[in-house]
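Now for the letters of each chain:
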Amino acid sequence: MATTQREERELLGHDAFALIAPSHQPAIAALPPEELRSLAIRLRAEHGKLRDLIREGKRAKRGKGDARAASSAEAGKATRRKQVYAAALKRVNKRFDELTHERRRAEHRAALKEALARRKAQRARHPAAGFGSSEGMRSKGNAKRAKHVHGARIGSVSAQNKRAQARRDG
């Protein structure tokens, strides 16, 4: 269940609420990324402290931990405070995602514009139109090489056979 800022202020107190306050909407949009990062680090630290405090309280209730931790945990209040920090951290992480998305989108847009400029700078290629419909069909050339016999060789085999036969006969 979402908590209002008023409930957060009552639950956390003035000093702790000062840490949470920049994570709410009008203020979070104005934060630069460096301050947003430092805010996330502080929120994670506070969330971790409360998580450890709650965990120690649960252990103490089971009889495993320090008996003082059970009374100091204030189970219900500590859990709600931890949830407030978790919600603030969620808002900060969402803002980080938005900033990252905007940055990547700008980079992508710049790359597309650069590619379009390169494309426009190229010379236009106009390939030949090919055969027209009025010229009719065209025969394709034979891909196999034609065997070319030199003119002096034509008939030489049969003449050679004739001379060999004459030598045998006579």
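Calculation criteria
- Residues numbered from 1 in each chain as written.
- Predicted model: local features only at pLDDT ≥ 70, side-chain atom pairs only at ≥ 80, totals over all residues.
- Heavy atoms only, no water.
- Salt bridge = Lys/Arg side-chain N within 4 Å of Asp/Glu carboxyl O.
- Helix = DSSP H or I, 4+ residues; strand = E, 2+ residues; numbered from the N terminus.
- Buried < 20%, exposed > 50% of the residue type's maximum accessible area, 1.4 Å probe, protein only.
- Lys, Arg positive; Asp, Glu negative; His and termini not counted.
- Polar contact = N/O pair within 3.5 Å; in protein donor to acceptor, adjacent residues only side chain to side chain.
- Contact = heavy atoms within 4.5 Å.

Student: Outline the pattern of salt bridges, supporting the account with residue identities and numerical values.
Tutor: Within this structure, the stated rule accounts for seven salt bridges. Among the salt bridges present, the one from Glu46 reaches Lys49, with a minimum N-O distance of 3.3 Å. Note that Glu46 and Lys49 are positioned in helix 4 (residues 33–62) at a spacing of three residues, about one turn of the helix. What makes Glu46 partly exposed here is its relative accessible area of 24%. Classification of Lys49 by relative accessible area gives exposed; the value is 54%. For Arg95, the salt bridge goes to Glu98, with nearest N and O atoms at 3.3 Å. Taken as a pair, Arg95 and Glu98 lie in helix 6 (residues 75–121) at a separation of three residues, close to a single helical turn. Given a relative accessible area of 14%, Arg95 falls into the buried group. It is possible to trace a salt-bridge network through shared partners that takes in Arg51, Asp52 and Arg55.

Student: Lay out the side chain of Glu8 with the relevant residues and their values.
Tutor: Position of Glu8 among the secondary structure elements: in helix 1 (residues 5–12). One buried charged residue, Glu8, forms no salt bridge at all, with the nearest opposite charge on Arg91 at 4.1 Å. Polar contacts involving the side chain of Glu8 include one to the side chain of Thr3, which spans 3.4 Å. For Glu8, the contacting residues outside a window of four places in its chain are Thr3, Gly13, Phe17, Ile20, His24, Val84 and Arg91.

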